[in-house]
Each structure stands twice: as structure tokens, then as C-alpha cells.
Amino acid sequence: MNLESLDKKYVLSTYARNYTNFTHGRGSKLYDENGREYIDFAAGIAVNSVGHANPVLTEAICKQAGQIIHISNLQVIEPQAKLAQRIVELSGYDMAVFFANSGAEANEGAIKIARKYGETRFEKKRYKVITLEHSFHGRTITTVKATGQESFHSPNFSPYPAGFSYEKSIADVYDAIDDETVAVLVELVQGEGGVAPFDKVEIQKLASFLKEKDILLIVDEVQTGVYRTGEFLASNLYEIEPDVITLAKGLGGGVPIGAVMTRHKDIFVPGDHGSTFGGNYLSCAAGLAVLEILSKLYDKGLLHEVLIHFESKLKGVVQKYPQLFEQEVGLGLMRGLRAKDGQIVSKILSQSMEEGVVILKAGRNTVRFLPSLTITKEEIDEGFERFERALDSLL
Ligand SMILES: *Cc1c(COP(=O)(O)O)cnc(C)c1O
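Keep in mind that this is a model prediction, so the values were computed, not measured.

How each quantity is defined
Residues numbered from 1 in each chain as written. Predicted model: local features only at pLDDT ≥ 70, side-chain atom pairs only at ≥ 80, totals over all residues. Heavy atoms only, no water. Helix = DSSP H or I, 4+ residues; strand = E, 2+ residues; numbered from the N terminus. Buried < 20%, exposed > 50% of the residue type's maximum accessible area, 1.4 Å probe, protein only. Contact = heavy atoms within 4.5 Å. Areas by Shrake-Rupley, 256 points an atom, 1.4 Å probe, with all protein chains shown as cover. Lys, Arg positive; Asp, Glu negative; His and termini not counted. Charge placed at Lys NZ, Arg CZ, Asp CG, Glu CD. Expected span 1.5 Å × (residues − 1). Pairing = 2+ DSSP bridges. 1 Å grid on protein atoms, 1.4 Å probe; cavity = no way out; pocket = protein on both sides within 12 Å on 5 of 7 lines; lining within 4 Å. Points joined across faces, edges and corners; volume = space filled by probe spheres on them. Near = heavy atom within 4 Å. Polar contact = N/O pair within 3.5 Å; in protein donor to acceptor, adjacent residues only side chain to side chain. Nonpolar A, V, L, I, M, F, W, Y, C, P; charged D, E, K, R; others polar. Phe/Tyr/Trp six-rings, centres within 6.5 Å; stacked < 30°, edge-to-face > 60°. Axes fitted to C-alpha atoms, helices over the stretch in contact; angles between N-to-C directions.

A.B. asks: Just to check I follow, could you spell out the overall build of the protein for this structure?
C.D. replies: The helix and strand tally for the protein stands at 13 helices and 17 strands. Taken along the three principal axes of its C-alpha coordinates, the protein extends 65 × 50 × 50 Å. Out of the 395 residues in the protein, the part that is buried amounts to 51%. A separation of at least 24 residues holds for 72% of the contacts in the protein among residues at least 6 apart in sequence. A total accessible area of about 18100 Å² is found for the protein, and carbon and sulfur atoms account for 51% of it. Positive and negative charge centroids in the protein, built from 43 and 52 side chains respectively, lie 2 Å apart.

Shown next as C-alpha cells:
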């Protein structure tokens with residue numbers, strides 16, 4: 001049976017899959033079973049933050065696997081404590097961390113922190129969480145309900161947990177707050193929703209208003225975190241001090257890991273929350289290696305150089321193809337091209353694949369780029385040459 005038939009027969013159908021069979025990669029280059037090379041501008045949806053087969057990450061994972069992969073959270077786990085320390089140091093916030101295995105799980109943890117805060121810190125219980133339209137927070141029953149897109153709230157999976165509502169804009173959040181509101185949950189740059197950054201001043205104003213009202217600001221940095229926007233956290237870039245921050249995608253460089261961190265370091269007591277796999281030796285060793293690689297890149301100014309280069313390439317595309325694109329959007333290496341016609345985005349994706357460059361879609365009409373943060377200028381230039389060839393063939 002060929003791979004496509006095997007997949008269709010034995011794997012539950014939840015994705016509109018592409019059937020190119022990638023067998024290996026190196027940096028931002030991917031190779032399929034026929035030895036064809038692709039430039040990877042998707043990085044496994046912002047997960048492969050240090051590229052494919054990164055030697056430092058590979059060595060860290062192999063070394064850890066040869067010693068101990070997993071114990072349980074009933075024992076202290078050295079790389080877990082060290083990774084928590086490193087995350088807190090790099091963030092600049094006085095926080096403590098809980099480790100999970102995915103973005104949705106990290107957000108579940110954040111919502112539990114908010115719920116407990118609302119139950120224990122006020123005379124009248126607070127439990128409502130406000131999120132934004134076009135947001136994306138995960139696929140569990142709770143995080144899908146926290147996601148501000150009606151299309152995600154299919155009656156097939158109802159009933160959903162109560163207490164979530166969605167606002168069109170940051171300005172609308174103020175009026176939506178009542179005496180049962182415990183938290184506001186936002187992505188500073190909406191990823192799945194269309195690579196849309198919120199305005200920095202608007203976010204800063206909201207943050208100080210929430211602080212005044214003792215309402216928690218939860219920032220979902222599952223996609224924006226770990227240098228994706230050019231700083232360690234988008235919260236650093238926006239110069240705010242959230243109460244709770246969640247991380248996942250880029251943190252393990254491809255090894256599953258999620259994290260929720262909060263300045264309310266005493267909110268949980270033993271028994272409140274837990275995870276069998278979360279924070280095990282393997283994922284935390286991977287996280288430590290990723291942070292070592294990326295913090296060096298950042299400190300040397302190399303990350304900044306690469307993202308400036310990427311941005312200039314995108315601006316070039318908008319100038320060269322005004323009939324296709326309105327503008328370039330996003331921050332750092334979380335980027336998009338807003339297409340004039342949403343219909344053409346899927347064609348651009350499949351044609352790019354034909355030309356040997358992997359890209360993504362976001363929202364209704366955005367071509368999305370989430371390259372590895374270690375991508376080289378040569379790989380960027382080659383990728384854009386192929387991308388433009390794909391665009392030329394569509395004109
Ligand atoms: C991807 C993503 C999630 C969900 O992460 P999973 O690891 O798929 O559970 C949550 N929030 C944001 C902002 C994301 O981009």
C-alpha cells in the first residue's frame with residue numbers, strides 16, 4: 001500500500017493533507033523521498049525554530065536519551081528546573097513555570113490559574129475570560145471555546161464550558177468587562193487569525209487598565225514566543241508585564257513541550273494541576289538546547305539581521321506583484337502577505353510547493369511565512385526566487 005492510502009486507511013481524517021513525503025532536512029532545506037529539495041518557510045508551523053537536524057539540538061536530545069528520558073513529576077527533574085530558570089531569566093519577569101506538552105495544554109493551565117485566582121482572591125467569584133475575535137488558543141474543548149472564531153464552535157462538540165466571550169477589538173474589551181471577569185486572554189500577534197499584530201500603545205493601555213482592576217492579562221505566546229517576533233517574548237517587544245504567559249511551538253525545536261508561566265507564583269498547591277509527560281528530561285533538554293542556540297543568535301545581533309533581510313524581501317514582493325498583494329504584515333519572522341483575492345492563496349501555496357518552497361496560509365487571505373529562526377540569507381534568497389517563480393506562473 002502506498003503511503004497516501006496507508007494514511008487514509010489508518011489515520012483519522014482531521015487534516016486537509018498534502019502528500020509530499022519529506023524524509024529529512026538540514027537547516028531550512030527539506031528533502032522528499034525522491035531527493036527533491038525544498039526551502040522551508042513554514043518550519044512545521046513555527047515549531048522548528050532552530051531548523052532541521054540542528055547539530056546542537058540533535059546532540060542534546062541524543063545525549064539525554066542515552067541517559068534518562070522520563071521519570072515522573074513525583075521526582076525533581078534537573079533539566080526542568082534549569083529550563084524554567086532560563087525561561088524566567090530571558091523573559092525578565094519575576095515568574096515561575098509549569099510544563100505541559102502543547103500549546104492548548106499550556107493555555108488550559110493559564111485558564112486554571114485564572115479560575116483559581118477568581119475563586120480565591122475575591123469576595124464574589126470571578127470566572128469569565130474575555131478573548132478576541134479571530135484568535136486561536138487550541139483544540140481542547142475549553143481552548144477551542146476560548147478561540148474567538150464561531151467556525152470552531154461546532155455543535156458536534158457541545159456543550160462547551162461557560163465563561164468565554166469574544167470582542168472585535170481591544171477597544172471593545174473595556175465595555176465587556178463586568179464584576180465576574182477574571183482575565184483577558186490575547187495573542188499580541190494573531191497567528192492563525194491572519195498574522196495581525198495589535199497596536200503597541202493600545203495593548204499597553206489595556207495592560208495598565210487591567211492591572212488597576214486586578215483582572216489578569218494572559219498573553220498566549222504559543223506562536224509569538226521564543227524569539228519569533230525578534231525579542232524573546234512578544235510581551236518584551238510590547239513592553240508590558242502580563243500576569244500569565246503561555247509558550248509552546250518553538251520552545252522544543254520540534255520536541256513536544258508547552259509552558260505556562262505566571263507572576264502569581266503561589267497560585268497552585270500540590271494537587272491543583274499536573275501532567276504525566278510535561279517537563280520530562282527529553283523535552284527540557286531540547287528546550288535548553290534551543291534557548292542556548294537562539295539566545296546566542298539574538299545576543300550577536302544575527303537574528304535581527306535575518307529578520308530585516310526577510311522583511312525587505314517581502315516588501316520587494318509586494319512592490320513587484322501589486323496585482324496580487326495589498327501589503328506585508330506581521331513582526332519579526334512571523335510574517336504574511338495579505339492577498340487581494342482570498343481565492344488565490346491556496347493556488348499560491350500549491351504552486352510554491354511545485355517550485356520547491358514550503359509556505360502556509362493564515363486567516364482567509366494571508367500567505368504566511370514562519371521560517372526557522374536560524375535560516376540563512378542564502379536560504380531566504382533562494383526561497384524567494386522560487387516563490388516569485390510560483391507567482392509568475394499564476395499571472
Ligand atoms: C498553535 C497555537 C495554539 C495551540 O497549540 P497546540 O500545540 O496545537 O495545542 C494555541 N495558541 C496559539 C496562539 C497557537 O498559535
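So that's the structure; there's more coming.
A.B. asks: Just to check I follow, could you spell out helix α10 (residues 281-299) for this structure?
C.D. replies: For an α-helix the count is 3.6 residues per turn, leaving residues at separations of three or four pointing the same way. For α10, which comprises 19 residues, the first-to-last C-alpha distance of 27 Å matches the rise-based estimate of 27 Å (1.5 Å per residue) to within 8%. Within two residues after α10, Gly301 carries a phi angle of roughly 80 degrees, on the positive side.

A.B. asks: Sorry, what's going on with the pairing of strand β7 (residues 181-186) here?
C.D. replies: Residues in a regular strand project their side chains so that they alternate between the two faces of the sheet. With respect to burial, β7 is a largely interior element, 6 of its 6 residues being buried. Across 3 bridges, the pairing between strand β5 (residues 128-132) and β7 is parallel. Bridge pairing links Ile130 to Val184 in β7. Pairing of β7 with strand β10 (residues 216-220), which is carried by 4 bridges, proceeds in the parallel orientation. Bridging from a neighbouring strand, Leu185 pairs with Ile218 of β10.

A.B. asks: I'm lost on unusual backbone geometry in this one. Help?
C.D. replies: What you tend to see is this: most non-glycine residues have negative phi, and most peptide bonds are trans. Residues Ser158 and Pro159 are joined by a peptide bond in cis, for which omega reads 0 degrees. As for its position among the elements, Pro159 is in the loop between α6 (141-146) and β6 (164-167). With a phi angle near 70 degrees, Ala46 is a residue other than glycine that sits in the positive phi range. The exposure class of Ala46 is buried, given its relative accessible area of 3%. For Tyr227, which is not glycine, the phi dihedral falls at a positive 75 degrees. Tracing the sequence through the fold places Tyr227 in the loop between β10 and α9 (234-237). The class of Tyr227 is buried, set by a relative accessible area of 2%.

A.B. asks: Would you mind going over the layout of surface pockets with me for this structure?
C.D. replies: Think of a ball as big as a water molecule: rolled over the atoms, this probe shows where empty space is left. In this structure, the second largest pocket spans a volume of roughly 500 Å³. Forming the walls of the second largest pocket are 23 residues, and the residues nearest its centre are Val97, Phe98, Phe99, Phe268 and His273. If you list the elements that add at least two residues to the lining of the second largest pocket, you get α4 (78-91), β4 (96-100) and β12 (258-262).

A.B. asks: Looking at this structure, I do not really get the environment of Glu105. What am I missing?
C.D. replies: On the secondary structure map, Glu105 appears in helix α5 (residues 103-120). Residue Glu105 is classed as partly exposed on the basis of its relative accessible area, which comes to 29%. Measuring from C-alpha to C-alpha, the distance between Glu105 and Val260 comes to 8.8 Å, with 155 residues separating the pair along the chain. Apart from residues no more than four positions distant in its own chain, Glu105 is found in contact with Ala100 and Ser275.

A.B. asks: I'm lost on the site of the ligand in this one. Help?
C.D. replies: Close to the ligand lie Ser102, Gly103, Ala104, Asn107, Phe136, His137, Gly138, Glu187, Asp220, Val222, Gln223 and Lys249. In the environment of the ligand, an oxygen atom lies 2.7 Å from a nitrogen or oxygen atom belonging to the backbone of Ala104. Contact distances for the ligand include 2.5 Å between an oxygen atom and a side-chain N or O atom of Lys249. Within the complex, 82% of the 380 Å² of free accessible area of the ligand lies under protein. Per-element tally for the shell around the ligand: the top contributor is α5, with 3 residues. Of the residues contributing to the shell around the ligand, the split by class is 3 nonpolar, 6 polar and 3 charged.

A.B. asks: When you look at the packing of aromatic side chains in this model, what are you seeing that I'm missing?
C.D. replies: To describe a pair of aromatic rings, you give the distance between the ring centres and the angle between the ring planes. In this structure the tally under the stated criterion is 14 aromatic pairs. Judged by centre distance (5.2 Å) and plane angle (75 degrees), the ring pair of Phe41 and Phe310 falls under edge-to-face. One end of the pair, Phe41, is in the loop between β3 (37-40) and α2 (43-46); the other, Phe310, is in helix α11 (residues 302-320), with 269 residues separating them in the sequence. Exposure class is identical for Phe41 and Phe310. Each is buried.

A.B. asks: How should the sheet that holds strand β14 (residues 334-339) be read in this particular structure?
C.D. replies: In sheet architecture, strand pairing relies on hydrogen bonds along the backbone and comes in two forms, parallel and antiparallel. Spatially, 4 strands are ordered β13-β14-β17-β16 in an open sheet, and the strand pairing comes out antiparallel. The open sheet has two edge strands, β13 (325-331) and β16 (360-362), and neither has a second partner. Adjacent strand axes in the sheet meet at a mean angle of 30 degrees when their direction is disregarded. Here β16 runs beside strand β17 (residues 366-369); their pairing, made up of 3 bridges, is antiparallel. Directly across from Lys361, in β17, lies its bridge partner Val367.

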